[in-house]
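Descriptive analysis of the structure
Below are the chains, spelled out letter by letter.
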Amino acid sequence: MPEKPTATIHTQLLEILSQLPLSSQKEVLYLAISLQKKKLTQHWDAISDAEAAALKTEFADEDLAFAESILTDYLSRLQQEDEV
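Residues numbered from 1 in each chain as written. Predicted model: local features only at pLDDT ≥ 70, side-chain atom pairs only at ≥ 80, totals over all residues. Heavy atoms only, no water.

Quick look at the overall build of the protein chain
- Assigned secondary structure in the protein chain consists of four helices and zero strands.
- The order of α-helices and β-strands along the protein chain, N terminus first, is α-α-α-α.
- Its C-alpha atoms give the protein chain a radius of gyration of 24 Å, more than 25% over the compact-globule value 12 Å for 84 residues.
- Taken along the three principal axes of its C-alpha coordinates, the protein chain extends 70 × 40 × 25 Å.
- Buried positions account for 1% of the 84 residues belonging to the protein chain.
- Just so you have it, the protein chain exposes about 7900 Å², and 61% of that area is on carbon and sulfur atoms.
- Averaged over its 7 positive side-chain charges, the protein chain has a centre that lies 13 Å from the centre of its 15 negative ones. (Helix = DSSP H or I, 4+ residues; strand = E, 2+ residues; numbered from the N terminus. Rg over C-alpha atoms; globule rule 2.2 N^0.38 Å. Buried < 20%, exposed > 50% of the residue type's maximum accessible area, 1.4 Å probe, protein only. Areas by Shrake-Rupley, 256 points an atom, 1.4 Å probe, with all protein chains shown as cover. Lys, Arg positive; Asp, Glu negative; His and termini not counted. Charge placed at Lys NZ, Arg CZ, Asp CG, Glu CD.)

Some details on the environment of V28
- For V28, the position within the fold is in helix α2 (residues 22–46).
- Sequence separation between V28 and L17 is eleven residues, and the spatial gap between their C-alpha atoms is 8.3 Å.
- Setting aside chain neighbours within four positions, we find V28 in contact with L17 and L20. (Contact = heavy atoms within 4.5 Å.)

What follows is the structure, given as structure tokens:
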């Protein structure tokens, strides 16, 4: 049974990487991470304006709820610090 194309690519990459010095291996890693992030960004760019607006609203609501939960006792903590 012939190898899958992805298996061949993985094998070739591993062979090449194993022959490179560590510094070059790190460069390849950073390139791969960069490509992965670029792909994630492309997914974000591909969503509709309505989906983006809904996500922004959801994130804003979560941020506001978090900030409010943290700030509930902020003044009392400041007063306690002043007393110390």
